[in-house]
Amino acid sequence: MSCCSGCARWLIGIVSVCVIICAIVAAVFVYVHEKGKKWSDLVENNIPFIFILVAMAFAVFSAIIGFLLCCCKKKCLYITYLIIIIIVIIIEVVAIVLAFVYKDNIIDGIEKNWDKEKYANSRKNVEEAFKCCGFKTLEIQSCGYQPEGATPTETCYDAINDDINHNIKNLRIAAIVMGCVELVLLICAIYLVCSSGSEGD
């Protein structure tokens, strides 16, 4: 039993180090990548993106405690780790659900803010980036993209929608991968809590 507990602790410790490295790199990448999207300036609250960052922050915190489990044999630490892992998994499940259902809200938010004066520069940046004019209605006169000659110009809806779909798909994959890793850690944590009770640690 103690040998299995030791293996579980070391598995958690090794995976935790990997989680810390991957979560930090992924958080920086996601943040930079998301902020680089011109249309994100037109969205007041990108909820799935926020939940992913929160989940990564909790994952790093749980990974630090998981790494400490390699050296410590305290049941209170096992229970704390188990609770945090459960919280992380719940946040990741919520992030996946939001990634499926919140896309229309993002589109609606962009459409709502499209013609507002305070978002004029952001709108023009989007039009220039995607080489389009207007959101669902073609607006050549106030467009931030000026096509050369008789180049046909389309509205921005399809381009923005495709880009958001691509981003949401990446968020789903990231959340699912993190969830699978956390599930392995959850099993190890449950085993440690149960075995520590029988061993009297």
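Worth saying up front: this structure is predicted, and the values here are computed from it rather than measured. (Residues numbered from 1 in each chain as written. Predicted model: local features only at pLDDT ≥ 70, side-chain atom pairs only at ≥ 80, totals over all residues. Heavy atoms only, no water.)

**Observations concerning helix α4 (residues 103-113)**
Residues separated by three or four positions in an α-helix point in the same direction, a consequence of the helix having 3.6 residues per turn. Stated formally: Under the scheme applied here, a residue whose accessible area is under 20% of the maximum for its type counts as buried, over 50% as exposed, and between as partly exposed, the area being computed with a 1.4 Å probe on protein chains only. To qualify as a helix, a DSSP run of H or I must reach at least 4 residues; to qualify as a strand, a run of E must reach at least 2; elements of each kind are numbered from the N terminus. Arc, as used here, means the arc of the directions from the helix axis to the C-beta atoms.
For α4, the full list of buried residues reads Lys-103, Ile-106, Ile-107, Gly-109, Ile-110 and Asn-113. Buried residues of α4, seen end-on, are gathered within an arc of 160° and therefore sit on one face of the element.

**Notes on the state of the cysteines**
Note the following rule: The term disulfide is used for any two cysteine sulfur atoms that are within 2.5 Å.
Applying the stated criterion across every chain yields a total of 2 disulfides. Linked covalently through their sulfurs, Cys-132 and Cys-156 form a disulfide whose S-S length is 1.9 Å. Its S-S torsion of approximately 100° makes the covalent link between Cys-132 and Cys-156 right-handed. Separated by 24 residues along the polypeptide, Cys-132 in the loop between α5 (120-130) and α6 (157-199) and Cys-156 in the loop between α5 and α6 bring together distant segments of the chain. For the pair Cys-132 and Cys-156, one class covers both residues: buried.

**Examining the pattern of salt bridges**
Worth spelling out the cut-off: For this analysis, a salt bridge means a side-chain nitrogen from Lys or Arg found within 4 Å of a carboxyl oxygen belonging to Asp or Glu.
Summed over all chains, the structure comprises 2 salt bridges. Two residues, Lys-136 and Glu-111, come together in a salt bridge whose shortest N-O distance is 3.6 Å. Of this pair, Lys-136 sits in the loop between α5 and α6 while Glu-111 sits in helix α4, and the two are 25 residues apart along the sequence.

**Overview of the confidence of the model for the protein chain**
Note: predicted coordinates in regions of low pLDDT should not be interpreted at a detailed level. Applied cut-off: Residue-level confidence of the predictor is summarised by pLDDT, bounded by 0 at the bottom and 100 at the top.
Summing up the model confidence of the protein chain, the mean pLDDT is 77 and the portion of residues at 70 or higher is 81%. When pLDDT is averaged over each element of the protein chain, α5 comes out on top at 87 and helix α1 (residues 2-35) at the bottom at 72.

**Let's talk about a nonpolar patch on the surface**
To be explicit about the condition: Exposure above 30% relative accessible area and no salt bridge define the residues that can form patches, which grow by joining like charges within 9 Å and nonpolar side chains of Val, Leu, Ile, Met, Phe, Trp and Tyr within 5 Å. Values of accessible area rely on a 1.4 Å probe in the Shrake-Rupley scheme; residue burial ignores everything except the protein chains shown.
The grouping of Val-17, Ile-21, Val-25, Ile-64, Phe-67 and Leu-68 at the surface amounts to a nonpolar patch, some 530 Å² of accessible area in total. Put simply, the parts of the chain that give the nonpolar patch at least two residues each are α1 and α2 (47-68). Relative to the assigned elements, Phe-67 resides in helix α2. By relative accessible area, Phe-67 is classed as partly exposed at 43%.

**Looking at unusual backbone geometry**
Notably, Lys-131 is not glycine yet its phi reads approximately 55°, a positive angle. When you line up the elements, Lys-131 lands in the loop between α5 and α6. For Lys-131, a relative accessible area of 52% puts it in the exposed group.

**Quick notes on the nonpolar core**
The nonpolar side chains of soluble globular proteins are, as a tendency, buried together. For the record, the criterion: Nonpolar cores are built from buried Ala, Val, Leu, Ile, Met, Phe, Trp, Tyr and Cys residues. Side-chain atoms within 4.5 Å join them into one set.
Counting residues in each nonpolar core, the largest one holds 46 residues, and the members touching the most others are Tyr-81, Ile-106, Ile-110, Trp-114, Ile-160 and Ile-164. In terms of residue count, the dominant contributor to this core is α6 (12 residues).

**Observations regarding the packing of aromatic side chains**
Put simply, the rule is: When two rings of Phe, Tyr or Trp (its six-membered ring) have centres within 6.5 Å they constitute a pair, described as stacked for plane angles under 30 degrees, edge-to-face for angles over 60, and tilted for the intermediate range.
Overall, the coordinates contain 2 aromatic pairs when judged by the stated rule. A ring pair is formed by Trp-114 and Phe-135, whose centres lie 5.3 Å apart and whose planes are at 45°; its orientation type is tilted. With Trp-114 in the loop between α4 and α5 and Phe-135 in the loop between α5 and α6, the pair connects residues that are 21 residues apart, well separated along the chain. Residue class for Trp-114 comes out buried when judged on its relative accessible area of 1%. Ring centres 5.6 Å apart and planes at 90° place the aromatic pair Phe-135 and Tyr-157 in the edge-to-face group. Of this pair, Phe-135 sits in the loop between α5 and α6 while Tyr-157 sits in helix α6, and the two are 22 residues apart along the sequence.

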